[in-house]
Amino acid sequence: MLEVDRISKSFGSVAAVTDLSYVVKRRTIFGLPGPNGAGQTTTIRMVPDILPPASGEIRWDGKRADVHSRVTFGYLPEERGSSP
């Protein structure tokens, strides 16, 4: 199970994600709908630690996600996009 607990991330004065929490149970399909610029890509990049959250915690199976647990995640963007 993936647990995202009160994560936040800003880029300078722009708050991309603010105090976001959600739980994704095993064997479920999960999406982050919203308009462009709403923080979906930033959120997804924080799960495998491509971008570290400024605050909050990400847990996998009840344990804080670390370099060892994150090898179970995959991230394949539709477009390359810009570097963080």
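Cut-offs used in this document
- Residues numbered from 1 in each chain as written.
- Predicted model: local features only at pLDDT ≥ 70, side-chain atom pairs only at ≥ 80, totals over all residues.
- Heavy atoms only, no water.
- Helix = DSSP H or I, 4+ residues; strand = E, 2+ residues; numbered from the N terminus.
- Rg over C-alpha atoms; globule rule 2.2 N^0.38 Å.
- Buried < 20%, exposed > 50% of the residue type's maximum accessible area, 1.4 Å probe, protein only.
- Areas by Shrake-Rupley, 256 points an atom, 1.4 Å probe, with all protein chains shown as cover.
- Pairing = 2+ DSSP bridges.
- Phe/Tyr/Trp six-rings, centres within 6.5 Å; stacked < 30°, edge-to-face > 60°.

Regarding the overall build of the chain
Okay, step 1: Within the chain, the regular secondary structure consists of one helix and four strands.
Okay, step 2: Its C-alpha atoms give the chain a radius of gyration of 13 Å, within 12% of the compact-globule value 12 Å for 84 residues.
Okay, step 3: With respect to the three principal axes, the spread of C-alpha positions in the chain is 35 × 25 × 25 Å.
Okay, step 4: Per-residue burial for the chain yields a buried fraction of 29% across its 84 residues.
Okay, step 5: For the chain, the exposed area adds up to about 6,000 Å²; of that, 53% sits on carbon and sulfur atoms.

Thoughts on the pairing of strand 1 (residues 2-11)
Okay, step 1: Across seven bridges, the pairing between strand 1 and strand 2 (residues 14-24) is antiparallel. Within strand 2, the residue paired with Phe-11 across the bridge is Val-14.
Okay, step 2: The turn linking strand 1 back onto strand 2 is made up of two residues, and Gly-12 within it adopts a positive phi angle of 65 degrees.
Okay, step 3: Here strand 1 pairs with strand 3 (residues 55-60) via five bridges, running antiparallel. The residue bridging Ser-8 from the neighbouring strand is Ser-55, located in strand 3.

Let's talk about the sheet that holds strand 4 (residues 63-64)
Okay, step 1: With antiparallel pairing, four strands are arranged side by side in an open sheet as 2-1-3-4. In the strand order of this sheet, the two ends are held by strand 2 and strand 4, each with one partner.

Details of the environment of Lys-63
Okay, step 1: Note that Lys-63 resides in strand 4.
Okay, step 2: Taking the C-alpha atoms as reference, Lys-63 lies 9.8 Å from Met-1; in sequence the two are 62 residues apart.

Describing the packing of aromatic side chains
Okay, step 1: What the rule picks out here adds up to one aromatic pair.
Okay, step 2: Measuring from ring centre to ring centre gives 4.7 Å for Tyr-22 and Phe-30, while their planes differ by 20 degrees; the resulting arrangement is stacked.
Okay, step 3: What makes Tyr-22 buried here is its relative accessible area of 12%.
Okay, step 4: Assessed through its relative accessible area of 38%, Phe-30 is described here as partly exposed.

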